[in-house]
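Here is what each chain is made of, one letter per residue.
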Amino acid sequence: MYDLIVVGAGPAGTTTARVAAKGGLKTLLLERERLPRPKLCGGGITPKVLTQLDFRLPNELFQFSAKSVRLHVGERSHVFDSDRTLVHMIPRAAFDAYLAEKAVEAGAELKSPCGARAVNIGNSYAEAITSAGPIQSRMIVIADGASGSIEFKRRSRWKPHQVSYAIESEVPVDQETKQSFLEDAGYLDLYFGVSPAGYGWIFPKDDHLTVGVGCRLSDLRDGPELFEHFMKQIPELAKTEIPKPQAHLVPLGGAGRIPTVSDRVLLAGDAGGFVEPLLGEGIYFAILSGQIAGATAVKACGKGRFDANYLRTYEKQCHAVFGIDLDVAYRVARFCYLDNYDMERATKFFFAEKKVRQCMVGLIDGSIRYRDAQTKLLWPYLKFSLMKLGLPIYN
């Protein structure tokens, strides 16, 4: 019998497996597809991701590093520059495969392809029902994403207002087309106002662009039509053949919580709802939750305590380390684009504020936490509220 089975070899699952194996647990990592495998994702990691890894990523994983982000709102573009890298663009297939290698290096066993379709809990074991047959362990961590297909009677499902529908395509382009987006500054582009309760993105990679658009599921009418509408607003791609887009769900962290703990089971990464809802960053929080899940499993196996009451320390620690920031980020996302009826007016006001611009850069590169940013943004928010009421503003 294994000490721990981890389902899903994304950043959350591989991190969980590595931490658990380094802690001495007999760990099995399951991935339903053969690695490396395609993965729908914008493919951006912020510098704070690198600080959480106890190893260096190979240089070939970094396809592009951006020091400038451009936000398009209506006819206006707002540029956020920095003298340091804001986002690294990486290929998710190769990135995930490398993280799996590091988990195996630490002592975890990898079965790929080997999918799990259900989890059963007994008095003295947890059991994953897999394509290779039932496999038992003392604990299971489910890290199979927001759209996870594992049947588990204590697993809650997302409500439409708690997740975003993301549809994107990897678009092969020549160097000239790619450079038309990068320009000299090397931009990443986000487009607001192109989707109800969502936004679009264009991220440059080595030989292609990751092009996509998202929308809160409760506001979605037609996904392919939404994508086509976005494409029509990008003249640089008018003559480019766009491969058929693929769609997936992304949790809106802070929009609502689902139970991430039950007897012998933890949920990590997207499966637990740990995605930042304003800028859509998920890899950082996947790694953080994986670290906490792996450490929790080591402690639980050491004490022989697998009941939900004991494992609830995982939920508490996740909330203390990053859950507070997801809650704040959700409030900011609601104001910025989820519920805002006049985003052009709001961005014109806020992005003229030096404090707001500094906070945006800090939130992107990870040098500022949302819980700290809310204090810095309180006065600009109050000024905007007074302006909407037609009251005088005194700096």
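Attention in this report is confined to the structure presented alongside it. Just so it is clear, the model here is predicted, and its values are computed rather than measured.

1. Overview of the pattern of salt bridges
Phase 1: Tallying each qualifying case throughout the model produces 21 salt bridges.
Phase 2: Two residues, lysine 22 and aspartate 54, come together in a salt bridge whose shortest N-O distance is 2.7 Å. Placement of lysine 22 in helix α1 (residues 11-22) and of aspartate 54 in the loop between α2 (47-52) and β4 (64-66) is noted, with a sequence separation of 32 residues between them.
Phase 3: We classify lysine 22 as exposed; its relative accessible area is 51%.
Phase 4: Bridged by salt links that share partners, the residues Arg18, Lys22, Asp54, Lys102 and Glu105 form one connected network.

2. Quick look at the sheet that holds strand β14 (residues 199-204)
Phase 1: Spatial strand order, β6-β5-β13-β14-β15-β12-β16: 7 strands in an open sheet with mixed pairing. Each edge of the open sheet carries a strand with a single partner, namely β6 (76-81) and β16 (246-251). Each neighbouring strand pair of the sheet contributes to a mean axis angle of 20°, computed without reference to strand direction.
Phase 2: Direction of pairing for β14 relative to strand β15 (residues 208-216): antiparallel, over a ladder of 5 bridges. Pairing of proline 204 across the sheet is with leucine 209, part of β15.

3. Re the sheet that holds strand β7 (residues 87-89)
Phase 1: Reading across from one edge, β3-β7-β4 is the order of the 3 strands in this open sheet, with antiparallel pairing throughout. Bordering the open sheet on either side are β3 (44-45) and β4, each of which pairs with just one other strand.

4. Structural notes on unusual backbone geometry
Phase 1: In the segment running from leucine 35 into proline 36, the intervening peptide bond is cis, with an omega of -5°.
Phase 2: The backbone of alanine 197 shows a phi angle near 55°, a positive value even though the residue is not glycine.
Phase 3: Assignment of secondary structure puts alanine 197 in the loop between β13 (187-192) and β14.
Phase 4: On the basis of relative accessible area, alanine 197 is assigned to the buried category, the value being 9%.
Phase 5: Its identity as a non-glycine residue notwithstanding, arginine 264 has a phi of 70°, on the positive side.
Phase 6: Looking at where arginine 264 falls in the secondary structure, it is placed in the loop between β17 (261-262) and β18 (265-267).

5. Some remarks on the side chain of lysine 48
Phase 1: Here lysine 48 shows up in helix α2.
Phase 2: Classification of lysine 48 by relative accessible area gives buried; the value is 12%.
Phase 3: Leaving out residues up to four positions away in the same chain, lysine 48 has contacts with Glu281, Tyr284, Leu363, Ile364, Asp365 and Gly366.

6. Overview of the packing of α1 against helix α3 (residues 92-105)
Phase 1: At a minimum axis separation of 8 Å, α1 and α3 run at an interaxial angle of 15°. Relative to α3, the element α1 is oriented roughly parallel. Considering only the axes of α1 and α3, their crossing is left-handed. Between α1, through Pro11, Thr14, Ala17 and Arg18, and α3, the contact on the second element is made entirely by Arg92, Phe95, Asp96, Leu99, Ala100, Lys102, Ala103 and Glu105.
Phase 2: Here the contact of α1 with α3 is built from residues that sort into 6 nonpolar, 1 polar and 5 charged.

Calculation notes
Residues numbered from 1 in each chain as written. Predicted model: local features only at pLDDT ≥ 70, side-chain atom pairs only at ≥ 80, totals over all residues. Heavy atoms only, no water. Salt bridge = Lys/Arg side-chain N within 4 Å of Asp/Glu carboxyl O. Helix = DSSP H or I, 4+ residues; strand = E, 2+ residues; numbered from the N terminus. Buried < 20%, exposed > 50% of the residue type's maximum accessible area, 1.4 Å probe, protein only. Pairing = 2+ DSSP bridges. Axes fitted to C-alpha atoms, helices over the stretch in contact; angles between N-to-C directions. Contact = heavy atoms within 4.5 Å. Parallel < 35°, antiparallel > 145°, perpendicular 65-115°, else oblique. Left-handed = near helix turned anticlockwise from the far one by under 90°. Nonpolar A, V, L, I, M, F, W, Y, C, P; charged D, E, K, R; others polar.

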